[in-house]
Amino acid sequence: MLRSTVARRYSALVFQRPWLAIALVAVLLVTLGYFAQRFRLDVSADSLLMEGDTELEYSREVNQRYGVRDSVTVAFTPKNMDLISDRSLTIMSQIRQDLLAMERVESVDSLLNVPLFGDTPLTGISEDYDTLADEGVDREAARQELMNSPVFRNAIISPDGETSAMLVSFAADERYTELVNRRTELRNLAEEQELTEAQAEELQQVSETYDEYSVESAERRHRDIEEIRQILAEYQDEVTLYLGGAPMIADDLVTFVQSDLATFSIGVFAFIVVALGLIFRRFRWVFLPLSCCAVAGVIVVGILGFMDWRVTVVSSNFLSLLLIITISLTVHLIVRYRELRATRRFSSQRRILQHAVLVMFKPCLYTALTTIVAFGSLLVSGISPIISFGWIMVMGVITALIIVFLLFPALMSLLPPEKVQPLKTAKINVTNSLAKVTEHAGKGVFWVFALIFVLSAVGLTRLQVENSFIAYFDEDTEIYQGMKLFDEKLGGTLAFDVVVQLPEDAGFDDGFDDFDGGFDDGFDDFDDAGADDGADNAYWFTADKMNQLRNIHEYLDNNPQTGKVLSFGAVVQLAEQLNGDQPVDSFLWALLYSMLPDSLRETVLTPFVSVEHNEARFNVRVIESDPNLNRNALIEGIETGLQEEFGFAPDQVHVTGTLVLYNNVLQSLYQSQILTLGVVLGAIMLMFLLLFRSLKIAIICIIPNIIAAALVLGVMGWLSIPLDIMTITIAAISIGIGVDNTIHYMHRFRREFHRLGNYKETMYYCHNSIARAMYYTSLTIVAGFSILVLSNFKPTMVFGLLTSIAMLVALLGALTLLPRLLISFQPLGKESYPGHNS
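Residues numbered from 1 in each chain as written. Predicted model: local features only at pLDDT ≥ 70, side-chain atom pairs only at ≥ 80, totals over all residues. Heavy atoms only, no water.

## Section: the overall build of the protein chain
Of regular secondary structure, the protein chain possesses 27 helices and nine strands. When burial is assessed residue by residue, the protein chain has 56% of its 838 residues classed as buried. Sequence-distant contacts in the protein chain: of pairs separated by 6 or more residues, those separated by 24 or more amount to 81%. When the accessible area of the protein chain is evaluated, it comes to approximately 36,200 Å², of which 55% is carbon and sulfur surface. (Helix = DSSP H or I, 4+ residues; strand = E, 2+ residues; numbered from the N terminus. Buried < 20%, exposed > 50% of the residue type's maximum accessible area, 1.4 Å probe, protein only. Contact = heavy atoms within 4.5 Å. Areas by Shrake-Rupley, 256 points an atom, 1.4 Å probe, with all protein chains shown as cover.)

As structure tokens, this is what we get:
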């Protein structure tokens, strides 16, 4: 009763008062279209991390403890001059001054200001050290010193002495730190259920402020990166300059996505227009699908803008998927309407249209619901950008269904009836050919798909998570070439931190206590020297500790997959060099600490040693271009290796940093998605049961979808396409698309079988009716998305490739395996006319 009432009211709206339906859609379009201008892409680094991850909070704590600031690095290689020539150093100085003139740049370290010690004895280190910029300095000797320096080799100068690095550090963002700390504090109270009502309101306010400020910070970073690139562009005639660093890579990642969205959206649109035109050869059948796509797209973007729901790099393809879903719905309506128009010539336009729309509503509703279930699987990932993508697609599918079933019939009601034409048999009838193959191949279809499933399963075992950012970019791009240069000459670009809790030390050795009270140990004026941590900190620097720091440094440095290691261990190596290659005792270490100039302390001590916490930080760069790099294995190997090699307890060694956090996201994503894939298929099978009310039909319908999902993931494994935070969604996409085809075909097959009474004849009928809509939809989408393979950004290219494969696999499974299963197992009962074949 309720269903018939809804159907009557719906029919009265879209068929009897189409202008009212169009007006409602127009009001919705204008209202939400206004908010579409607020739509934003979230370019913050946090958008790719797992919010609530304890490692994320720890990483932020480490960064604050050691004063780690955002920084980028400029690789400097003169073209037709020596690196330390007058002209080269003049250009370097000009670039340095231009960078320092930027509002947020706090310091620029380069060959021009790093210390040169020469023959200075270890105890002679002072604030008055020489630099390469000083007059009278032997530049060649200085180059050799820096090239052999354990601190500056591979960091400031390349091993061949031809390339230098300029480290550009940005001022600390105190406001950002304040918001993060307060939000973390309140969240911890909330987890402990100790939050007052006032604190709960403050948490909500702080969270909203933080979200807004993080986006503002990312936009400021983008402007900074652009300004730095403009500065570097002025000197590219004489010097080859590349920009590197995590902030630059994150910014370029978003820039590539935005560029591809702008560039390829037009291309995809054009290809789809051409494909629809070639298939239907009528303006209205191009205009109607694209109108529905445009309206649905604007409404979804407007909702995101109204809710201030920022789209991340992960969910940036939501418009493309919305396009697929909307076109699929409209093409099915078009094909069904044209079928009825050709076979019921004496029926009125409104009657045919009403019949086509109402008959197709049920299968379209169930395809929408199953697609929602497929994308709903992303909600259990526990990863903020993936969850956001899942919700956006759920909202998008609902919007597409509503708009198509309001706008399409309303517009069609106002258009003049199409001239009645009988259905023509195409010269090359693909769907009919597939029906013949399915019939004559018999059980051979099962063997083919069984082989496909086995190969897919093997491919699944080869599937791995993403291991390097450099693989995202084409070899001809500037960012790829820059990262390659950093890897080969400057010790890598991206890094992670190893934080080691050192064992307690009893105090000085090497006979320090034997000195009498009249010895001038240099500590009398120590308090006046202004050491921030107090004179007692000097006693922390014992020979045993320093030797251990050096050994840990060398252990990390000797790993073939690590590049430059920055730590106080390198300072220990340098100190031994300056001490005539002799070990430095505890007393001398304490003396050096008291004499260390403030400028050097901020560079080589504060970022790597925390006396208060009795720990040391090792910044380890990774060679991204190493083809054998396995980030997860490297991180786990270093963590366990330090425990085994140096006897540390597990809680004494912490590996952290953005690289580790992103790896945690990938590992969590990989495990959650693989484990929940079965749950998703189970949920879809349950929906098949509700729709078809037959366990046998549900099992038959789920088989092609299992194979389709396995094949897409298997192809990724065989082609060594990594499973990363962007490509992980292809599993949900392939299931969602495959389920749509299965439901449409099975719904029509069951409907026609009761009329025809023969499985093979029903198959041929369906292949020449509903299968055409499935084929046209797949052809249109594949044609449109094929242009994405031209992108220089690998994730965009892979998305286009895998989406096309998913469409084709879903189509072939629904038009070969599914009907073969129906013919063989006869889930609809025995045939009424078993001998009657087409």
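Now that the structure has been shown, the text picks up again.
## Looking at the side chain of Asp224
Note that Asp224 resides in helix H7 (residues 197-233). When its relative accessible area of 8% is taken as the criterion, Asp224 is described as buried. Those residues in contact with Asp224, other than ones at most four positions away along the chain, are Met102, Arg104 and Phe170.

## With respect to a negative patch on the surface
A grouping of Glu208, Asp211, Glu212, Glu216 and Glu219 is seen on the molecular surface, where their side chains present a negatively charged patch. Relative to the helices and strands, Glu212 resides in helix H7. (Patch = residues over 30% accessible without salt bridge, like charges linked within 9 Å, V, L, I, M, F, W, Y side chains within 5 Å. Salt bridge = Lys/Arg side-chain N within 4 Å of Asp/Glu carboxyl O. Lys, Arg positive; Asp, Glu negative; His and termini not counted. Charge placed at Lys NZ, Arg CZ, Asp CG, Glu CD.)

## Quick look at the state of the cysteines
Tallying each qualifying case throughout the model produces zero disulfides. In this structure Cys293 is a free cysteine whose sulfur lies 7.1 Å from that of Cys292, the closest cysteine sulfur available. Residue classification places Cys293 among the buried positions, given a relative accessible area of 11%. (Disulfide = S-S within 2.5 Å.)

## Here we look at the packing of helix H11 (residues 349-376) against helix H12 (residues 384-414)
Put simply, H11 and H12 touch, their axes get as near as 10 Å, and they point 175° apart. If you check the angle between H11 and H12, you find them roughly antiparallel. Residues Gln349, Leu353, Val357, Met360, Phe361, Cys364, Leu365, Ala368, Thr371, Ile372, Phe375 and Gly376 of H11 form the contact with H12, whose participating residues are Phe389, Gly390, Met393, Val394, Val397, Ile398, Leu401, Phe405, Phe408, Pro409, Met412 and Ser413. Of the residues in the contact of H11 with H12, the class split is 19 nonpolar, five polar and no charged. (Axes fitted to C-alpha atoms, helices over the stretch in contact; angles between N-to-C directions. Parallel < 35°, antiparallel > 145°, perpendicular 65-115°, else oblique. Nonpolar A, V, L, I, M, F, W, Y, C, P; charged D, E, K, R; others polar.)

## Points about unusual backbone geometry
At Asp581, a residue that is not glycine, the phi angle is positive and equals roughly 60°. Summarising the element assignment, Asp581 is placed in the loop between helix H18 (568-578) and helix H19 (586-595). A relative accessible area of 61% means that Asp581 is categorised as exposed.

## Concerning the nonpolar core
Ranked by internal contacts, the top residues of the largest apolar core, which has 243 residues, are Phe496, Val498, Phe541, Phe568 and Tyr745. Of the residues forming this core, the biggest block, 17 residues, is contributed by H12. The residues contacting Phe496, other than those within four sequence positions of it, are Phe618, Asn619, Val620, Val622, Leu634, Ile638, Val655, Thr656, Leu659 and Val660. (Core = buried A, V, L, I, M, F, W, Y, C linked by side-chain atoms within 4.5 Å.)

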